[in-house]
Number of protein chains: 2
Amino acid sequence: MKKKDVGIVKTEYFTFKNFTLENGKILPEVTIAYETYGKLNDKKTNAVLITHAFTGNAHCAGYHEGDEKPGWWNMLVGPGKAFNTDKYFIICSNVLGGCAGSTGPSSINPATGIEYGTDFPAITISDMVRAQKKLVEFFGIEKLLCVAGGSMGGMQVLQWVMDYPEYIYSAIPIAITLKSTPQQIAFNEVGRQSIMGDVAWKKGHYYGGPEPDKGLAVARMLGHITYMSDYSMQKKFPVKNPELNENFDFNADFEVEEYLRYRGSSFVKRFDANSYLYLSKAMDYFDVQKDNFLPEEKNLNIKFLVISFKSDWLYPPYQSENIVKQLKAKGQEVTYCNIYSTYGHDAFLLEVKDETNLIRNFIDNLYKEVFEGGK
Amino acid sequence: MKKKDVGIVKTEYFTFKNFTLENGKILPEVTIAYETYGKLNDKKTNAVLITHAFTGNAHCAGYHEGDEKPGWWNMLVGPGKAFNTDKYFIICSNVLGGCAGSTGPSSINPATGIEYGTDFPAITISDMVRAQKKLVEFFGIEKLLCVAGGSMGGMQVLQWVMDYPEYIYSAIPIAITLKSTPQQIAFNEVGRQSIMGDVAWKKGHYYGGPEPDKGLAVARMLGHITYMSDYSMQKKFPVKNPELNENFDFNADFEVEEYLRYRGSSFVKRFDANSYLYLSKAMDYFDVQKDNFLPEEKNLNIKFLVISFKSDWLYPPYQSENIVKQLKAKGQEVTYCNIYSTYGHDAFLLEVKDETNLIRNFIDNLYKEVFEGGK
């Protein structure tokens, strides 16, 4: 099968009014940025929703006009790929609270005419999912063939299972947990403290002036470490010790320092510090375990493909195993694979071959079974 | 055997002139803060040097007048304890570059009459050890019975082995590596960027004015996460999700956030941000592997006790196993124990019972063998 890209794509926008959040607050207007690839069939049975990670966006495949780099999951989304755009209609949207086209703290607050900043209400993974559902309904889709995503995208997948089980045929949660652990919350909190400790942050009302770039860069540098593994860092930076400095001169002596500084400084150009605060808080509060994950009375009939990665220490495999155990205990049909990888948490973006084999077959078989009467 | 404390102790100071550093620079005057416990015997054969971790100090046992909390290794240092002060003379000194009495960036630069700040020269683990050796010689000790320490203390132990092998009978490196890895360097670099990104840092010349407390607190918060384990954090903070906030109000919602903030804010009261920079750089440069650890021509006769902890992911057991392999390959006598612990890297401060059994027997047997003609 020939593997090519989806080509030139562009981000679209979907807007709706008076969106009530989990905490009771109402956003008067919400815009959700999204992209689609492939064609929705006449019966609207071939729609797959892809959910993105913490700092991701709606642009998961193809190229924007003039761009050299494709979308963040381009290796998995396209003709003949894991998410096969020859057969399926793929939707990917930027989350509520984000800063890549969807309504978030850097959007204009209609009540004041200036950016929300920290007047933006707290949002949850459930709020993100409810906004996504409005987008899916806008397409006239009555049931999604699949919802799939890694990391914070996996949280959204599990939240879809909890909140709208009758609305999905299948779910692919990747490299994720049923509930944020203290360690995960702690890493997020260090990032937040770094942002909020930056004098430029000004309690979140920094728009139009200098932005808390230093604090945000440090948060991102830390994030990067947690996305890689001890081993993958050693492979990427075979530590050749630099010459000893005469004085401590504040430069990056080691390659890994230079790399992290670069990742930090390029991140601040594309990401809003307040979105970092809001989305990380949403992740901290994520907990589908508290509601007794998959109550039996819901009588689910969802097929699951659960994927984790051996070297992922941010969302370690035991957390995916917990998802599998809970699903199995409720009699659900689950395929689980703990993929051998040395990439750490980032593996969900990098282990293309294994993910392709698993995901393509899973979705193809499901589609045949549900709509074509057999595997 | 009755286990009591060494009682009330106080820090002493040892000063010497014109200390040449590894990079060729000369410190005109160096003071080393130290404490001792137990009695040096007439032949001066019973001296044990304890080396401290990153943010430690010379006060490893007993109580300072009026203090409620004892020294940082009090559980292991005292009458009948792992480091038995009934039998041995224990020396512990604050490292060069530190901020607990020894010369460091917060000391007065004799050339200017004000604090060195970042005019302080870069220092290495080897420099720390060479300063310690001067202190040991000041006591008239010709050979140390043992050098022991965990984390950065373990680096000093291995550096003693490299630099002064004829000067020690035994070495106990705990929870450490032969060479800093990119991940370890990366965590240090995030801490440094956080400090240097604080407007109060002023390129290191902040003394007498506001100090970079916010940046230093963030660095410490991150440090704390790396010293614990995923499991120990779950045990310490059984995450009961708080009520969802209406707005994002910057408070600590989760117990773990509150804990980290507390640890950060109490740390800045006792530690100097520039010392954080200098000591973390010294750790980054640590590499006894590059010099072909234990060159055979040195014809060593040192006994080793190497200790690691199963849940330590900052200095994982495989790094201690590397130390053991290298020692074995050079025909050295090594006892190795990978202690079962869920505490993470902090285990070297907490796994008192196992460490006591290992260390006390190791030192007692050694002393008998060397000085009393048998085990």
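Above: the structure in question.
Residues numbered from 1 in each chain as written. Chains lettered and ligands numbered in written order. Predicted model: local features only at pLDDT ≥ 70, side-chain atom pairs only at ≥ 80, totals over all residues. Heavy atoms only, no water.

1. Comments concerning the interface of chain B and chain A
As a reminder of what qualifies: Residue contacts follow a heavy-atom distance rule, with two residues in contact if any of their heavy atoms lie within 4.5 Å. As a working definition, buried area equals the accessible area (1.4 Å probe) given up by two parts on being put together, with both sides summed. Salt-bridge detection follows one rule: a side-chain nitrogen of Lys or Arg within 4 Å of a carboxyl oxygen of Asp or Glu. Whenever a nitrogen or oxygen atom comes within 3.5 Å of another N or O atom, the pair is scored as a polar contact, on the condition that within protein one atom can donate a hydrogen and the other can accept it, and that pairs from neighbouring residues in sequence are kept only if both atoms are in side chains. Helix and strand definitions here come from DSSP, where helices need a minimum of 4 consecutive H or I residues and strands a minimum of 2 consecutive E residues; each element is numbered from the N-terminal end. Gly is placed with the polar residues, together with every amino acid not listed as nonpolar (Ala, Val, Leu, Ile, Met, Phe, Trp, Tyr, Cys and Pro) or charged (Asp, Glu, Lys and Arg).
Each partner contributes to the interface: chain B provides 64 residues, whereas chain A provides 64 residues. A combined buried area of about 5600 Å² lies between chain B and chain A, and 68% of that area is made up of carbon and sulfur atoms. Counting every contact that joins chain B to chain A gives eight salt bridges. The shortest N-O distance in the salt bridge between Asp253 of chain B and Lys281 of chain A comes to 2.7 Å. Along the contact surface separating chain B from chain A lie 18 residue pairs in polar contact (both at pLDDT 80 or more). Put simply, the parts of the chain that give the side of chain B that touches chain A at least two residues each are α3 (182-196), α4 (213-227), α5 (230-236), α6 (255-270), α7 (273-285) and α8 (317-329) of chain B. When the residues that make up the side of chain B that touches chain A are grouped by side-chain class, the tally is 31 nonpolar, 16 polar and 17 charged.

2. Some thoughts on the pattern of salt bridges
Condition: Throughout this description, buried means an accessible area under 20% of the type-specific maximum (1.4 Å probe, protein chains only), exposed means over 50%, and partly exposed covers the range between.
The tally for this structure, following the rule as stated, stands at 28 salt bridges over all chains. Linking Arg261 of chain B and Glu189 of chain A is a salt bridge whose minimum nitrogen-to-oxygen distance equals 2.6 Å. Of this pair, Arg261 of chain B sits in helix α6 while Glu189 of chain A sits in helix α3 (residues 182-196), each in a different chain. Taking relative accessible area as the criterion, Arg261 of chain B reaches 23% and is therefore assigned partly exposed. Each member of the salt-bridge network shares a partner with another, and the members are Glu189, Arg192, Lys281 and Asp284 of chain A together with Asp253, Glu257 and Arg261 of chain B.

3. Observations concerning helix α10 (residues 352-371) of chain A
All names here are of chain A. To keep it simple, the criterion reads: To estimate how far a helix should extend, the number of its residues minus one is multiplied by 1.5 Å.
For α10, with 20 residues, the first-to-last C-alpha span of 27 Å sits near the 28 Å given by 1.5 Å per residue. By the burial criterion, the buried members of α10 are Val352, Glu355, Thr356, Ile359, Arg360, Phe362, Ile363, Asp364, Leu366 and Tyr367. Each element contacted by the buried residues of α10 is listed here: β5 (83-84), β7 (146-150), β8 (170-174), β9 (303-309), β10 (333-339) and α9 (347-350).

4. What about the sheet that holds strand β3 (residues 47-51) of chain A?
All names here are of chain A. Quick reminder of the rule: Two strands are said to pair when DSSP picks up at least two bridges between them. Where helices are involved, their axes are fitted lines through C-alpha atoms of the stretch in contact, as for all axes, and angles between N-to-C directions lie from 0 to 180°.
In spatial order, the strands read β1-β2-β6-β3-β7-β8-β9-β10; together these eight strands make up an open sheet with mixed pairing. Of all strands in the sheet, those bounded by a partner on one side alone are β1 (12-20) and β10. In this sheet, neighbouring strand axes are inclined to one another by 20 degrees on average, regardless of whether the strands run parallel or antiparallel. With three bridges connecting them, β8 and β9 associate as parallel partners. Looking across to β9, one finds that Ala171 is bridged to Phe304.

5. Some details on the side chain of His345 of chain A
Residues and elements named next belong to chain A. With respect to the helices and strands, the residue His345 is situated in the loop between β10 and α9. On the basis of relative accessible area, His345 is assigned to the buried category, the value being 1%. Not counting the four nearest positions on each side in its chain, His345 is found in contact with Ser151, Ala175, Thr226, Tyr227, Asp312, Leu314 and Tyr315.

6. Considerations on the nonpolar core
Formally: To form a nonpolar core, buried Ala, Val, Leu, Ile, Met, Phe, Trp, Tyr and Cys residues must be joined to one another through side-chain atoms within 4.5 Å.
Trp160 of chain A together with Trp160 and Phe293 of chain B are the most contacted members of the largest nonpolar core, which has 186 residues in total. Setting aside its immediate chain neighbours within four residues, Phe293 of chain B contacts Leu158, Val161, Met162, Leu178, Val288, Ile323, Gln326, Leu327 and Lys330 of chain B. Within the second largest apolar cluster, 34 residues are counted, among which are Tyr37, Ala53, Ala175 and Leu366 of chain A.

7. Regarding the relation of the copies chain B and chain A
Rule in force here: In superposing the copies, a least-squares fit is computed on C-alpha atoms, taking residues whose pLDDT is at least 70 in both.
The transform that puts chain B on chain A rotates by 180 degrees and translates by 0.0 Å along the axis, for an RMSD of 0.0 Å. In symmetry terms, the pair is related by a two-fold rotation axis. Both copies share a contact surface, since 100% of the interface residues of chain B are interface residues in chain A too.

8. Structural notes on helix α8 (residues 317-329) of chain A
The cut-off we apply is this: This arc is taken over the directions from the axis of the helix to the C-beta atoms.
Look at α8 of chain A: 18 Å from first C-alpha to last across 13 residues, which is about the 18 Å you get at 1.5 Å a residue. Of the positions making up α8 of chain A, those classed as buried are Pro317, Gln319, Ser320, Ile323, Val324 and Leu327 of chain A. Projected down its long axis, α8 of chain A carries its buried residues within an arc of 165 degrees, all on one side. Away from its buried face by more than 90 degrees, α8 of chain A exposes Lys325 and Ala329 of chain A. If you follow the buried residues of α8 of chain A, they end up packed against α2 (152-163), α3, β9 and β10 of chain A together with α5 of chain B. Once α8 of chain A ends, the next one or two residues include Gly331 of chain A, with phi positive near 75 degrees.

9. Focus: the sheet that holds strand β10 (residues 333-339) of chain B
Residues and elements named next belong to chain B. Read across the sheet, eight strands follow the order β1-β2-β6-β3-β7-β8-β9-β10 without closing on themselves; strand pairing throughout is mixed. Looking at the sheet topology across the chains shown, the edges are occupied by β1 (12-20) and β10. Neighbour-to-neighbour, the strand axes of this sheet turn through a mean angle of 20 degrees, independent of strand direction. Where strand β7 (residues 146-150) lies against strand β8 (residues 170-174), four bridges are found, and the strand directions are parallel. By the bridge assignment for β8, Val147 is matched with Ala171. Against the sheet, helix α1 (residues 125-138) engages β1, β2 (26-37), β3 (47-51) and β6 (89-93), with an angle of about 120 degrees to β1. Lying on the sheet, helix α10 (residues 352-371) is in contact with β7, β8, β9 (303-309) and β10; it crosses β9 at an angle near 175 degrees.

10. Things to note about the side chain of Ser232 of chain A
All names here are of chain A. You can see Ser232 is positioned in helix α5 (residues 230-236). On the basis of relative accessibility, which here comes to 8%, the residue Ser232 falls in the buried class. Contacts of Ser232, omitting those with residues within four sequence positions, involve Thr342 and Tyr343.

11. Overview of the packing of helix α1 (residues 125-138) of chain A against α2 of chain A
Residues and elements named next belong to chain A. Our working definition: An angle counts as roughly parallel when it lies under 35 degrees, as roughly antiparallel when it exceeds 145, as roughly perpendicular when it falls between 65 and 115, and as oblique in every other case.
The interhelical angle for the contact between α1 and α2, taken along N-to-C directions, is 75 degrees, at an axis separation of 9 Å. Comparing their axes, α2 and α1 come out roughly perpendicular. Where α1 abuts α2, its residues Ile125, Ser126, Met128, Val129, Gln132, Lys133 and Val136 lie against Met152, Met155, Gln156, Gln159, Trp160 and Asp163. When the residues that make up the contact of α1 with α2 are grouped by side-chain class, the tally is seven nonpolar, four polar and two charged.

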